[in-house]
Amino acid sequence: MGCDIIIPVWNQLQLTKNCIEHIVKNTRYPYQLIIIDNGSEEETQRYLGELSRDNYPQIKLIRNEVNLGYVKAVNQGLQISDAPYVCLLNNDVLVGEDWLTEMIGIANSDAKIGVVNPVNDEIDSKSAEELLRYKTEKLNSCHDQFIEIMGAMGFCMLIKREVVSKIGLLDEIFGIGGYDDMDYSRRVWQAGYKCVKAKGAFVIHRVHSSFDSLGKKRKRKIGRQTRALFRKKWGTIPRVAFVVSNPSDDKSATNKIYDRAHNLARNWNIVRIFLKESAVSFCPQHESITLIKYPDRFFLFRCLGEILKPKKKRLKFKTVFVDDLRLARTLRIFSLIHRTKVVVI
């Protein structure tokens, strides 16, 4: 048993050092590092070479003379990996204590779990160690707990070997990176697996450290391009709303509504559930479900306003499920404005 941790590196020497030092310090599960030096400059190249020769025998190092982009670099690592688990890790991540053991425990808890993310936060370097200690201790109570997610994020993504064998490598149409992780997550779901977040594993991610060095204009351009590629391949992710104005005293009836919302979230829909403030809340079992509460007195008015907001300000819902006939009739009158399917539940 073991895990191959794949880390693409393009300069960012200090971040890379910190990343590797935290892996060594906080990882008890057997692992091997597969580092792809993606055309780094001399100082970073020398550091990685010294690591592989001397201090860290559990390292495989691949050197590219030019930056091939994140996706190709990761695929190079996946092609030489043979461990039962593989973890894609950005070099701007600091891992907390026992992060990998917790994530692999979650992966093993359910045969249908294919990909695992940790809980993460962003922080400046001055308070990173304090945050790591605080959050890791706080999340001890969440040991062996997880929540389903729609798309796993590639900054720290644990994948079972059987998943890689079944669906293959990252899609290289995403070039330097961006939406490659969402695309992979969609393929994971298509193959019958789930993506989840381990509530007891924590890392710090300094978001876009490498992308920021490309400059704002190029970063925005890459973001637009990769988003367009994802939408061309999979379409726009639908948004669905539930307006529950009259929660039933019959728990089984209410649970049917929530089960329906959960199934939609599992099938790549973003779900919002509107509830009255007086209604009993529940804990969503999927991260793509958001609960929104409005005051009882203005509930229907606020829900109507949310759906009929000006086009540039509102979220476009594909379907709105409602349990109030008056609201359903009103929404259907204004259907030319919101162009949303209205379903009475």
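What to know about a nonpolar patch on the surface
Right, so step 1: On the surface, a nonpolar cluster with roughly 300 Å² of combined accessible area is contributed by Ile333, Phe334 and Ile337.
Right, so step 2: Note on Phe334: relative accessible area 35%, which makes it partly exposed.

Regarding the packing of aromatic side chains
Right, so step 1: Summed over all chains, the structure comprises 5 aromatic pairs.
Right, so step 2: Relative to Phe230, the ring of Tyr179 has its centre 5.7 Å away and its plane inclined at 40 degrees; by these criteria the two rings are tilted. Here Tyr179, found in the loop between α6 (161-167) and α7 (180-190), pairs with Phe230, found in helix α9 (residues 216-234); they are 51 residues apart in sequence, far enough to count as distant.
Right, so step 3: Look at Tyr179 and you get partly exposed, because its relative accessible area is 28%.
Right, so step 4: Overall, the relative accessible area of 3% leaves Phe230 in the buried class.
Right, so step 5: Members of the aromatic cluster, connected to one another through ring pairs, are Tyr179, Phe230 and Trp268.

Considering helix α4 (residues 99-108)
Right, so step 1: Counting buried positions along α4 gives 7 out of 10 residues, so the element sits mostly inside the fold.
Right, so step 2: Three or more residues of α4 are buried, namely Trp99, Leu100, Glu102, Met103, Ile104, Ile106 and Ala107.

Brief notes about the pattern of salt bridges
Right, so step 1: For the coordinates displayed, the defined rule picks out 15 salt bridges.
Right, so step 2: The shortest N-O distance in the salt bridge between Arg63 and Asp37 comes to 2.7 Å. Note that Arg63 is positioned in strand β3 (residues 59-64) and Asp37 in strand β2 (residues 31-38), a separation of 26 residues in sequence.
Right, so step 3: On the basis of relative accessibility, which here comes to 27%, the residue Arg63 falls in the partly exposed class.
Right, so step 4: Owing to a relative accessible area of 1%, Asp37 belongs among the buried residues under this scheme.
Right, so step 5: Its salt-bridge partner being Asp171, residue Lys233 comes within 2.7 Å of it at the nearest N-O pair. Residue Lys233 is found in helix α9, and its partner Asp171 is found in the loop between α6 and α7; the two are separated by 62 residues along the sequence.

Description of the pairing of strand β8 (residues 156-160)
Right, so step 1: Of all 5 residues that make up β8, 5 are buried, and the element is covered over most of its length.
Right, so step 2: What you see with β8 is no split at all: Cys156, Leu158 and Lys160 on one side and Met157 and Ile159 on the other are buried throughout.
Right, so step 3: As paired elements, strand β4 (residues 85-89) and β8 share 5 bridges and run antiparallel to each other. Directly across from Val86, in β8, lies its bridge partner Ile159.

What about the packing of helix α11 (residues 299-307) against helix α12 (residues 325-333)?
Right, so step 1: Across the interface, α11 lies against α12 with an axial gap of 11 Å and an inter-helix angle of 25 degrees. As judged from the angle between their axes, α11 and α12 are roughly parallel. Here α11 and α12 pass one another in a crossing that is right-handed. Mapping the contact onto sequence places Leu300, Leu304 and Ile307 in α11 and Arg326, Leu327, Thr330 and Leu331 in α12.
Right, so step 2: Split by residue class, the contact of α11 with α12 holds 5 nonpolar, 1 polar and 1 charged.

Overview of unusual backbone geometry
Right, so step 1: Residue Asp98 is not a glycine yet carries a positive backbone phi of 60 degrees.
Right, so step 2: Note that Asp98 resides in the loop between β5 (93-95) and α4.
Right, so step 3: One non-glycine residue, Asp144, adopts positive backbone phi at about 70 degrees.
Right, so step 4: Position of Asp144 relative to the elements: it lies in the loop between α5 (128-138) and β7 (146-149).
Right, so step 5: Residue classification places Asp144 among the partly exposed residues on the basis of a relative accessible area of 47%.

A look at the environment of Lys166
Right, so step 1: Along the chain, Lys166 turns up in helix α6.
Right, so step 2: For Lys166, a relative accessible area of 54% gives the class exposed.
Right, so step 3: C-alpha separation for the pair Lys166 and Leu61, spaced 105 residues apart in sequence, amounts to 26 Å.
Right, so step 4: Non-local contacts of Lys166, meaning those with residues more than four positions away in its chain, are made with Ala191 and Tyr193.

Reading the values: rules and limits
- Residues numbered from 1 in each chain as written.
- Predicted model: local features only at pLDDT ≥ 70, side-chain atom pairs only at ≥ 80, totals over all residues.
- Heavy atoms only, no water.
- Patch = residues over 30% accessible without salt bridge, like charges linked within 9 Å, V, L, I, M, F, W, Y side chains within 5 Å.
- Areas by Shrake-Rupley, 256 points an atom, 1.4 Å probe, with all protein chains shown as cover.
- Salt bridge = Lys/Arg side-chain N within 4 Å of Asp/Glu carboxyl O.
- Buried < 20%, exposed > 50% of the residue type's maximum accessible area, 1.4 Å probe, protein only.
- Phe/Tyr/Trp six-rings, centres within 6.5 Å; stacked < 30°, edge-to-face > 60°.
- Helix = DSSP H or I, 4+ residues; strand = E, 2+ residues; numbered from the N terminus.
- Pairing = 2+ DSSP bridges.
- Axes fitted to C-alpha atoms, helices over the stretch in contact; angles between N-to-C directions.
- Parallel < 35°, antiparallel > 145°, perpendicular 65-115°, else oblique.
- Left-handed = near helix turned anticlockwise from the far one by under 90°.
- Contact = heavy atoms within 4.5 Å.
- Nonpolar A, V, L, I, M, F, W, Y, C, P; charged D, E, K, R; others polar.

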